[in-house]
Each structure stands twice: as C-alpha cells, then as structure tokens.
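Given next are the chains, with one letter for each unit.
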Amino acid sequence: MAMLSEAPKTSIDRHGLSDQQLLQLYATMLRIRRFEERVKSLFLEARLYGSVHLYIGEEAVATGSCTALRDGDVISSTHRGHGHCIAKGLELAPMMAELMGKATGYNLGKGGSMHIASLDHGMLGANGIVSAGIPISTGAALGFWVRGSKEVALCFFGDGGANHGAFHEGINFAATLKLPVVFVCENNQYAQYQSVSQDMAIANVADRAAAYGIPGVIVDGSDVLAVHAAVAEAVGRARGGEGPSLVEAKTYRFEGHFLGDPEPYRTKEEVAQARASRDPLIRFSAVLQELGLADAAALQRTDARVKDEVERAVAFAEASPEPGEELLLTDIYSGADAAGRDL
Ligand SMILES: Cc1ncc(C[n+]2csc(CCOP(=O)(O)OP(=O)(O)O)c2C)c(N)n1
Ligand SMILES: [Mg+2]
C-alpha cells in the first residue's frame, strides 16, 4: 500500500507498531474477511464438505492477538478457527484445499474446517469440542515450562466455552504453576442460540480471573489496536514468568452460528446495527486514513490483491486431487505407519 507523504497529527496510540505492522494488521483482517466470504459462497454452491462456522465480524481478535506472538509460540483454536489460522500465518491455498477435502490441504483433506492444524505454524488445531483448546494450550504451556524455554501458548475460546469445566480446570492449573499461557475469550454475545445473559449470571467472563489469582482484562474486540495492546501485555507477562492472564474481547459475529443458521434468537436490526457500528475493518480503515498511512484508493488496491489471492487459493484447491484410499487409515494414532499399524 502506498504511503501518503504527510502524516497528520493524531491522538491515535499506535502501541509501538510500525507503519508496516499497522498496514499488515489491516491486510490480515481483510484476508480473513475475503477468505470467509468466498467460503460462504462455495458452501452455498455445495462445493465444500462439512459444517462451517464463520468468523466475520471478529477479525480484530485473532489479528490483534497473533500479532503479539513470535515464531515458536503456539495457539489453540475453536470450531470458528479460520481467522485464527490466517492470523497465525497459515496460507490460504492449503486451507481452502482442506475445506474442499483435497489431498493438498493442511491435513490431507481429512480434517476440514473444524480440524485444521499446522504444527509448523504453531497452530495446534481448530476443535469441534467447545473449550477443548483450553487444556491443549495449557498442556503446551506446561511443556514450555518443563523445558524452561521462552515460548508462549495462546488459547482462543468463546463465551460459551467459558462455562465448561475445562475452563476452570485449565485456568486454575495454569495459574497455580504460573504457566506461560494467555487465555483470550472471544465474547461474541452468543453461544450457538443462547445469548450470554441466558448462560451466565455475571456480565463479564474476565471477572472470573480474580477467582484464579490472575489478571482479567476487558477489551473492545472490534478495535484491533486495543486487542493487540491487551494481548501483548499478557504475552509479556507469560514470557516473563509471571503466569497466565485472561483477556476478554467483546465482539460480535455478523453471520449465523453456522452456515444455514436461521437465527431466530436475534433480530435483523440487531445484526445490521452491529455491522454498521462494530465492523473492525471499517473502524481500522478510518484509523489508517487518520494516521496518513493509506487513502481510499490504496485500501482498494489491497482489497483487489487479497481477492486475487483468495481466487488463486480456490483454483489451487479445485485443481487438487482427492486423498487416495491409501490415506484412509493413516493419522489415526500417533506414530502409525502408512498402513495404519501402530509403531
Ligand atoms: C463439548 C461441546 N458441547 C456442545 C457443543 C455444541 N456446540 C458447538 S458450538 C457451541 C457454542 C459455542 O459457543 P461459544 O463458545 O461462545 O463460541 P462461538 O460459537 O460463539 O464462537 C456449542 C454449544 C460442542 N461442539 N462441544
Ligand atoms: Mg460465543
């Protein structure tokens, strides 16, 4: 994106991020948005397998959080994991291939939307089991702690996930040992068809942090810079041996719980209002313009580049082969050989 020559005076806090990093935040959120819009259209044409849960509206949470991580750090994800994957650096083409069940997908087309994992990228896995990422990232952090290494694990989970036993057990364990893990609750106001107020007697998941003796922070989940700042501080604590933190990002999902959800539990007006006032891309494009980093034409060029990348990912996935029968029994047990025999 072209830089404008004069940077106007502004009160916006960049939280130490360079021009390049700020532009990258926008590009990452846009990659998530455009990838998922294409996933939606492909799903409606029955060109994808399985169920799909879209992250549209929540892009600032994954993007702001993952920007606070280093290579070697790991994340655990949820059933709504495309945004986490893209923010952690996974490529669009093997992701799209995975969603189409092709052999070139990250998991040979055997995982699909809800089970994308790439250990090379520190992406420990999307997960169809609500809150299951909490013990997984806590376990990864335990590994770092035992080895005395400096990596950090970051766990994304939903407001619904915060009401499961795994939340209590994982956070209590991590807090007691001061493990290097950051818990990021994506409070998008709904757990499937239930609103937060139907699921919890308190307003904020972050208030629970006090019960475990760790910091609990609430952040505007549609403000990518605010998310970044809160998570960067928590990552710094974790890396410095001060233990876990709980960051609650208040966000909103613009699409249904899954593709095909008739959404009887909320009004169209509520969604329209959220789209108009809480869109992280609209908000951050205004920030970039106020900082003098991009004008409308530059943002459009970024959009065209991202759309082109998404189309190339679709073409790659469509041209890829299906996994062969020889793969049916592989990847079932750790250490199994190609014939599925345990080693
Ligand atoms: C252990 C378990 N219980 C129930 C479900 C069914 N289920 C799938 S998603 C979901 C809601 C999760 O809500 P939340 O954690 O807020 O995440 P969101 O969908 O809002 O991102 C439920 C109940 C499941 N997949 N796993
Ligand atoms: Mg939710």
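Quick look at the structure, then. The structure presented is a predicted model; accordingly, all values stated were derived computationally and were not measured.

Brief notes about the coordination of the magnesium ion (ligand 2)
1) Next: The protein atoms donating to the magnesium ion (ligand 2) are Asp159 (OD), Asn188 (OD1) and Tyr190 (O), with metal-donor distances spanning 2.1 to 2.2 Å.
2) Next: One chain supplies every donor for the magnesium ion (ligand 2), spaced along it as D-x28-N-x1-Y. On the criterion of sequence distance, the pair formed by Asp159 in the loop between strand 2 (153-158) and helix 6 (165-177) and Tyr190 in strand 4 (residues 190-191) is long-range, its members being 31 residues apart. Just as Asp159 is buried, Tyr190 falls in that class too.

Description of the site of ligand 1
1) Next: For ligand 1, the set of nearby residues contains 15 residues, the closest of which are His79, Arg80, Gly128, Gly160 and Tyr190.
2) Next: A distance of 2.8 Å is found between an oxygen atom of ligand 1 and a backbone nitrogen or oxygen belonging to Gly160.
3) Next: Separating a nitrogen atom of ligand 1 from a side-chain N or O atom of Gln192 is a distance of 3.1 Å.
4) Next: Alone, ligand 1 offers 580 Å² of accessible surface; in the complex the protein occludes 72% of this.
5) Next: Spatially, ligand 1 is embedded in the largest pocket.
6) Next: Here the shell around ligand 1 is built from residues that sort into 4 nonpolar, 9 polar and 2 charged.

Some thoughts on the environment of Val235
1) Next: Take Val235: it is sitting in helix 9 (residues 224-239).
2) Next: Taking C-alpha positions, Val235 is 7.0 Å from Ala68, a pair spaced 167 residues apart along the chain.
3) Next: Not counting residues up to four positions away in its chain, the partners in contact with Val235 are Ala68, Leu69, Val152 and Val182.

Quick notes on the pattern of salt bridges
1) Next: All told, the structure shown has 20 salt bridges when counted by the stated rule.
2) Next: Taking the shortest distance from any N to any O, the salt bridge between Glu59 and Arg33 comes out at 2.5 Å. Taken together, the positions of Glu59 in helix 2 (residues 59-66) and Arg33 in helix 1 (residues 19-44) put the pair 26 residues apart, joining distant regions of the chain.
3) Next: Judged by relative accessible area, which is 0%, Glu59 ranks as buried.
4) Next: Given the relative accessible area of 7%, Arg33 is considered buried.

Considering the layout of surface pockets
1) Next: What the largest pocket holds in volume is close to 350 Å³.
2) Next: Put simply, the parts of the chain that give the lining of the largest pocket at least two residues each are strand 2 and strand 4.
3) Next: In terms of residue count, the dominant contributor to the lining of the largest pocket is strand 2 (3 residues).
4) Next: Counted by class, the lining of the largest pocket contains 7 nonpolar, 14 polar and 5 charged residues.
5) Next: Taken as a whole, the second largest pocket spans an internal volume of roughly 230 Å³.
6) Next: Every residue along the wall of the second largest pocket is listed here: Gln21, Gln24, Leu25, Thr28, Arg31, Thr63, Cys66, Thr67, Ile86, Ala87 and Gly89.
7) Next: Counting residues per element, the ones that place at least two in the lining of the second largest pocket are helix 1, helix 2 and helix 3 (82-87).

Remarks on the state of the cysteines
1) Next: Overall, the coordinates contain 0 disulfides when judged by the stated rule.
2) Next: With no disulfide of its own, Cys155 has Cys185 as its nearest cysteine by sulfur position, at a separation of 9.5 Å.
3) Next: When its relative accessible area of 0% is taken as the criterion, Cys155 is described as buried.

What about the packing of aromatic side chains?
1) Next: The full count for this structure, using the stated rule, is 6 aromatic pairs.
2) Next: Between Tyr190 and Tyr252, the aromatic rings sit 6.4 Å apart at their centres with planes inclined by 75 degrees, giving edge-to-face as the arrangement. Within this pair, whereas Tyr190 is found in strand 4, its partner Tyr252 is found in the loop between strand 7 (245-250) and helix 10 (268-277), the two being separated by 62 residues in sequence. Across the pair, exposure class does not vary: Tyr190 and Tyr252 are buried alike.
3) Next: With 5.2 Å between their ring centres and 55 degrees between their planes, Tyr190 and Tyr265 make a pair best called tilted. In this pair, Tyr190 sits in strand 4 while Tyr265 sits in the loop between strand 7 and helix 10, placing the two residues 75 residues apart along the sequence. Just as Tyr190 is buried, Tyr265 falls in that class too.
4) Next: Three or more aromatic residues link up through ring pairs in this structure, and these residues are Tyr190, Tyr193, Tyr252, Phe254 and Tyr265.

As for helix 6
1) Next: When the terminal C-alpha atoms of helix 6 are compared, their 19 Å separation across 13 residues agrees well with the 18 Å that a helix rising 1.5 Å per residue should span.
2) Next: Of the positions making up helix 6, those classed as buried are Phe167, Gly170, Ile171, Ala174 and Ala175. Buried residues of helix 6 fall within an arc of 125 degrees about the axis and therefore sit on the same side. Facing away from the buried side of helix 6, by more than 90 degrees, are the exposed residues Glu169 and Thr176.

What about the packing of helix 2 against helix 9?
1) Next: Here helix 2 crosses helix 9 at 40 degrees, and the two axes come no closer than 8 Å. As summarised for this structure, helix 2 and helix 9 are arranged oblique, according to the angle between their axes. Remark: the crossing between helix 2 and helix 9 carries right-handed chirality. For the pair helix 2 and helix 9, the contacting residues are Ala60, Val61, Thr63, Gly64 and Ser65 in the first and Val224, Val227, His228 and Val231 in the second.
2) Next: Residue composition of the contact of helix 2 with helix 9, by class: 5 nonpolar, 4 polar and no charged.

Reading the values: rules and limits
Residues numbered from 1 in each chain as written. Chains lettered and ligands numbered in written order. Predicted model: local features only at pLDDT ≥ 70, side-chain atom pairs only at ≥ 80, totals over all residues. Heavy atoms only, no water. Donors = N, O, S within 2.8 Å, 3.2 Å for Na, K, Ca; no water. Helix = DSSP H or I, 4+ residues; strand = E, 2+ residues; numbered from the N terminus. Buried < 20%, exposed > 50% of the residue type's maximum accessible area, 1.4 Å probe, protein only. Near = heavy atom within 4 Å. Polar contact = N/O pair within 3.5 Å; in protein donor to acceptor, adjacent residues only side chain to side chain. Areas by Shrake-Rupley, 256 points an atom, 1.4 Å probe, with all protein chains shown as cover. 1 Å grid on protein atoms, 1.4 Å probe; cavity = no way out; pocket = protein on both sides within 12 Å on 5 of 7 lines; lining within 4 Å. Sits in = over half its atoms within 2 Å of the grid points. Nonpolar A, V, L, I, M, F, W, Y, C, P; charged D, E, K, R; others polar. Contact = heavy atoms within 4.5 Å. Salt bridge = Lys/Arg side-chain N within 4 Å of Asp/Glu carboxyl O. Points joined across faces, edges and corners; volume = space filled by probe spheres on them. Disulfide = S-S within 2.5 Å. Phe/Tyr/Trp six-rings, centres within 6.5 Å; stacked < 30°, edge-to-face > 60°. Expected span 1.5 Å × (residues − 1). Arc of directions from axis to C-beta. Axes fitted to C-alpha atoms, helices over the stretch in contact; angles between N-to-C directions. Parallel < 35°, antiparallel > 145°, perpendicular 65-115°, else oblique. Left-handed = near helix turned anticlockwise from the far one by under 90°.

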